[in-house]
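# Report on the structure
Read off the chains here:
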Amino acid sequence: MRNADRVTAALLLAFAAAFSAGALKSYQWWGSGGPGPAFMPFWLGLVMAILALMMLIKSLKEKNAGAAWLPRGEGLRDMLVVLGVTVVFVALLNVLGMVIGTALYLAVLVRYLGRHRWWVTAAIALAAAGFNWLVFVHWLRVPFPEAGIWIF
């Protein structure tokens, strides 16, 4: 796992640095009333960068190479299915909408990866999509992508 840790740590470190720099570039650090909108994202990015750096240093000190960092066989197939389903979910988000898209996304993953019965799959997918809608759309008033116009 040493190589996987190195790659992951390097990517997280780059992302964290970009996240913190982006916060400082795009938002105000300090306002008249105190901390501005860049304050929290900057510090979150900095903490993430420190943790990624610690992970990178630990992986560089590790003597044992560990197992291969890419899965093989069934693990590789499952990883590719998750990646493919995620790409399809994102690509169809504006067509299906967030709630329907989330329900279908979870249904495919729960059914395929968990190999659960259909009623369990449907219950999990509908409950999670409904909960997301309740929290974000209803309570927090965050607009979700809605289903596009269906042409048959």
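This write-up is about the structure you can find in this document.

Procedures and definitions
Residues numbered from 1 in each chain as written. Predicted model: local features only at pLDDT ≥ 70, side-chain atom pairs only at ≥ 80, totals over all residues. Heavy atoms only, no water. Helix = DSSP H or I, 4+ residues; strand = E, 2+ residues; numbered from the N terminus. Phe/Tyr/Trp six-rings, centres within 6.5 Å; stacked < 30°, edge-to-face > 60°. Buried < 20%, exposed > 50% of the residue type's maximum accessible area, 1.4 Å probe, protein only. Lys NZ or Arg CZ within 6 Å of the ring centre and 35° of its normal. Expected span 1.5 Å × (residues − 1). Contact = heavy atoms within 4.5 Å.

### What about the environment of glutamate 146?
Here glutamate 146 is to be found in the segment after α6 (118-139). It is 4.0 Å that separates the C-alpha atoms of glutamate 146 and glycine 97, two residues lying 49 residues apart in sequence.

### A closer look at the packing of aromatic side chains
One pass over the full model with this rule turns up nine aromatic pairs. Ring centres 5.0 Å apart and planes at 50 degrees place the aromatic pair tryptophan 29 and phenylalanine 39 in the tilted group. Linking tryptophan 29 in the loop between α1 (2-26) and β1 (30-31) with phenylalanine 39 in helix α2 (residues 39-61), this pair joins segments that are ten residues apart in sequence. Note on tryptophan 29: relative accessible area 33%, which makes it partly exposed. For the pair phenylalanine 42 and tryptophan 43, a centre-to-centre distance of 5.2 Å together with 80 degrees between the ring planes defines the contact as edge-to-face. Under the relative-accessibility criterion, phenylalanine 42 is labelled buried at 17%. Three or more aromatic residues joined by ring pairs make a cluster, and in this case those are Trp29, Trp30, Phe39, Phe42 and Trp43. The ring centre of tyrosine 112 lies 5.6 Å from the NZ or CZ of arginine 115, which sits over that ring.

### With respect to α6
An ideal rise of 1.5 Å per residue puts 32 Å on 22 residues; α6 measures up with 30 Å between its terminal C-alpha atoms. Buried within α6 we find Val120, Thr121, Ala125, Ala129 and Val135. Tucked inside the fold, the buried residues of α6 contact α5 (98-114). Just beyond α6, the residue with positive phi is arginine 141, at close to 60 degrees.

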